Amino acid sequence: MQAFRFIAAQKPAELREVPVPEPGPGQVLIKIGGAGACHSDLHILEAPPQPGPAQAPFTLGHENAGWVEKMGPGATGFAQGDPVIVYGPWGCGLCMNCRIGRENYCQNPGDIKAGGLGSDGGMAPYFLVPSTRFLIPLGNLDPREAAPLTDAALTSYHAVKRSLHLLGAGSTAVVIGAGGLGQMAIQVLRVLSGATTIIAVDTSADKLKIAKSMGADETLLSGDEAVNRIKDITRGQGAELVLDMVGVNPTLAMSAKVSRVLGQVTIVGLGSPTAALPVNFRSPAKECSVASPYWGYIPELMEVVNLAQTGKIKMLVEHFPLERAAEAYHLLHDGKIKGRAVITPHV
């Protein structure tokens, strides 16, 4: 089968011929409906060579959904043809965090893996998953549409849910970056904390229009005027929650400027590995906490799927056949994907 593979650092990914995997004991082979293209993939492709599993060739695609194709010996709970979404970070399954569904924070970091981020992912017709515990039933959802729920939606959902205690009536949440992650964060904020004033900030007027349609109360073009407007809206106090969905120096600087005393700045985006939040006596605001969460929990993915099944959240998706995967990444790099690019091997 053809697969879209990371070959080496600072080289374009390529379509290569690879064998169809055969599921071993406890494993499951998934027929891929959709595999999301994420900025994290660009970091892998564009970063200088460095030690780690990402040095070996592997198939990209860590946002995956499809249908059960074949169960390995001893695998139970699903049947061929069942539509499923795949939880991305795979931990040891034995430590305390893994036992309560927090495999993204596995306490044995040498054991944590993710298909598409160091081992073979879903940008191929078939994808091997190590255990049925990583599969969530999709019900009536189309895997071609649902794939980004496993990262873009789950990551945003986790970032919002952990801060809900700050978001009572009269509160303000600022979402910096209205791309795929930001669009999901806006919808999740609207669903989980309807009383919160949601402010979306971006450099793209088109993306701000989408943010408005998805529930943002106010949309602002990034810059000093946006900072001043946020201060006006919050009566000079700043926002209870600032979600930086970009993670570059200008957005981190803005996050610090619009933070609130006893509020929270949450850095979700991975725009630049060298970007830094300015931290000193005056920045961010006093006792404002800072967090950099990673993905989300298995039970939270179940909640995300439920929200999608009931129509409360929806990902803006642009489909690309497998042979156009390179084009999708070029458009993603140039900021021309309005939501999420999804590779569909079976068209």
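Residues numbered from 1 in each chain as written. Predicted model: local features only at pLDDT ≥ 70, side-chain atom pairs only at ≥ 80, totals over all residues. Heavy atoms only, no water.

1. Examining the nonpolar core
Then, number 1: Ranked by internal contacts, the top residues of the largest apolar core, which has 60 residues, are Ile 30, Leu 135, Leu 149, Leu 189 and Leu 243.
Then, number 2: The contacts of Leu 135, once residues within four sequence positions are left out, are Val 28, Ile 30, Val 68, Phe 78, Val 84, Ile 85, Val 86 and Val 129.
Then, number 3: One finds Phe 4, Ala 37, Ala 328 and Leu 332 within the second-largest nonpolar core, a separate group that totals 20 residues. (Core = buried A, V, L, I, M, F, W, Y, C linked by side-chain atoms within 4.5 Å. Buried < 20%, exposed > 50% of the residue type's maximum accessible area, 1.4 Å probe, protein only. Contact = heavy atoms within 4.5 Å.)

2. So, the sheet that holds strand S16 (residues 289-291)
Then, number 1: The six strands are arranged S13-S12-S11-S14-S15-S16 in an open sheet whose pairing can be described as parallel. A single partner strand is all that each edge strand has here, and the edge strands are strand S13 (218-221) and S16. If you compare each strand with its neighbour and ignore which way they point, the axes differ by 15° on average.
Then, number 2: Pairing of strand S11 (residues 172-176) with strand S12 (residues 197-202) involves five bridges; the strand directions are parallel. Looking across to S12, one finds that Ile 176 is bridged to Val 201.
Then, number 3: Here helix H7 (residues 224-233) sits on the sheet in contact with S11, S12, S13 and strand S15 (259-267), set at roughly 150° to S13. (Pairing = 2+ DSSP bridges. Helix = DSSP H or I, 4+ residues; strand = E, 2+ residues; numbered from the N terminus. Axes fitted to C-alpha atoms, helices over the stretch in contact; angles between N-to-C directions.)

3. Considering unusual backbone geometry
Then, number 1: The omega torsion across Ser 283 and Pro 284 is -10°, close enough to zero to call that bond cis.
Then, number 2: As for its position among the elements, Pro 284 is in the loop between S15 and S16.
Then, number 3: Of note, the phi angle at Arg 235 is positive, near 55°, even though the residue is not glycine.
Then, number 4: Inspection of the secondary structure puts Arg 235 in the loop between H7 and strand S14 (239-244).
Then, number 5: Residue Arg 235 is classed as exposed on the basis of its relative accessible area, which comes to 67%.
Then, number 6: Residues other than glycine seldom take positive phi values, yet Trp 295 does so here, at roughly 55°.
Then, number 7: Tracing the backbone through its elements, the reader meets Trp 295 in the loop between S16 and helix H9 (298-309).
Then, number 8: Among the residues examined, Trp 295 registers a relative accessible area of 4% and is labelled buried.

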